[in-house]
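Descriptive structure summary
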Amino acid sequence: MLTVNEVSKLTGVSVRSLHHYDAIGLLKPAKVTDAGYRLYGDDELARLQNILLFRELQFPLKQIRTILDSPDFDRREALAQQIRLLELQLAHTQELILFARRLQEEGVEKMDMKAHDTFEAFDTTEIKQYEEEVRERWGGTKAYDEYQRKAKGRTDAEQAEIGSQLMEHFAGIGKLRQGSPADEAVQEKIAAIQAFITEHYYQCTDEILRGLGGMYVDDERMRCNIDKAGGEGTAVFVSQAIAVYCSQK
């Protein structure tokens, strides 16, 4: 059990905020001692992780409480949604970088400010739509929390470079897509992707990797991005190779 001061030091949440969370029923301590000290256990810390994630996404406290207390709240389902939103945000950042580089190379004077594609990089409509779709079912996960820690301090350019490196992995698999998903060379590249995600994003367990394999096919934007990197059919091939990889573990 941790005291409120220990929880504050561990998480960076102020004691005042923790007291407020208790007062509004958002985060109750596991117990309160006779002396009035609040004590928090693992369950309370897990709930606090969810609260912090929602706060990062600008959810109001009242709505956070409603979501976390909902009997329909499902962490596993939320994980796939969180990863998808992260990928949308990463893609948006990459588009902004490409736009800035184009502006740097061509110069403002040579760009047609009335052209349809001039301001496309600033369009966040898709991200906002997806946020709305998952808002009522959003949940915090250790994977997202780990990603937040690893991403902290990285510049947009560094984030974009990591995304580009991941696409290079897919491009490498795409060159092998005429063979079998079970081929040793293909399986080695799947292992490399799993290791890459673990190093740069979050601990990519076999369960998470299996879920990503499904998303690479089911999510239209991810499928298009992977096929763009490795050639048409790469996303399906990667998904099949992941299924083989996970079945052998």
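Residues numbered from 1 in each chain as written. Predicted model: local features only at pLDDT ≥ 70, side-chain atom pairs only at ≥ 80, totals over all residues. Heavy atoms only, no water.

This next bit is on the overall build of the protein chain. Each helix and strand counted, the protein chain has 12 helices and three strands in total. Within the span of the protein chain, comprising 249 residues, buried residues form 41% of the whole. Sequence separation of 24 or more characterises 67% of the internal contacts of the protein chain that already satisfy a separation of 6 or more. Just so you have it, the protein chain exposes about 14400 Å², and 49% of that area is on carbon and sulfur atoms. (Helix = DSSP H or I, 4+ residues; strand = E, 2+ residues; numbered from the N terminus. Buried < 20%, exposed > 50% of the residue type's maximum accessible area, 1.4 Å probe, protein only. Contact = heavy atoms within 4.5 Å. Areas by Shrake-Rupley, 256 points an atom, 1.4 Å probe, with all protein chains shown as cover.)

All right, on to the pattern of salt bridges then. For the structure shown, the criterion picks out two salt bridges. We note a salt bridge from D22 to K28, for which the minimum N-O separation is 3.1 Å. A relative accessible area of 9% places D22 in the buried class. The closest approach of N and O atoms between R38 and D22, which form a salt bridge, is 2.7 Å. Placement of the pair is R38 in strand β3 (residues 38–40) and D22 in helix α2 (residues 15–23), with a sequence separation of 16 residues. Look at R38 and you get partly exposed, because its relative accessible area is 22%. (Salt bridge = Lys/Arg side-chain N within 4 Å of Asp/Glu carboxyl O.)

A separate point is the side chain of Q187. If you trace the backbone, Q187 turns up in helix α9 (residues 184–200). Of note is the side chain of Q187, whose polar atom sits 3.1 Å from the backbone oxygen of A241. Setting aside residues up to four positions removed in sequence, Q187 forms contacts with P181, A182, A241, V244, Y245 and Q248. (Polar contact = N/O pair within 3.5 Å; in protein donor to acceptor, adjacent residues only side chain to side chain.)

With that out of the way, let us pick up the nonpolar core. Formed by 27 residues in total, the largest nonpolar core has its most connected members in I190, I197, Y201, L212 and Y216. Taken together, the elements giving at least two residues each to this core come down to α8 (156–174), α9, α10 (206–218), α11 (220–230) and α12 (234–247). With seven residues, the single largest contributor to this core is α12. Of all hydrophobic cores here, the second largest spans 15 residues; its members include V13, L27, I51 and F54. (Core = buried A, V, L, I, M, F, W, Y, C linked by side-chain atoms within 4.5 Å.)

Remember that the coordinates give geometry; whether it matters functionally is a separate question.
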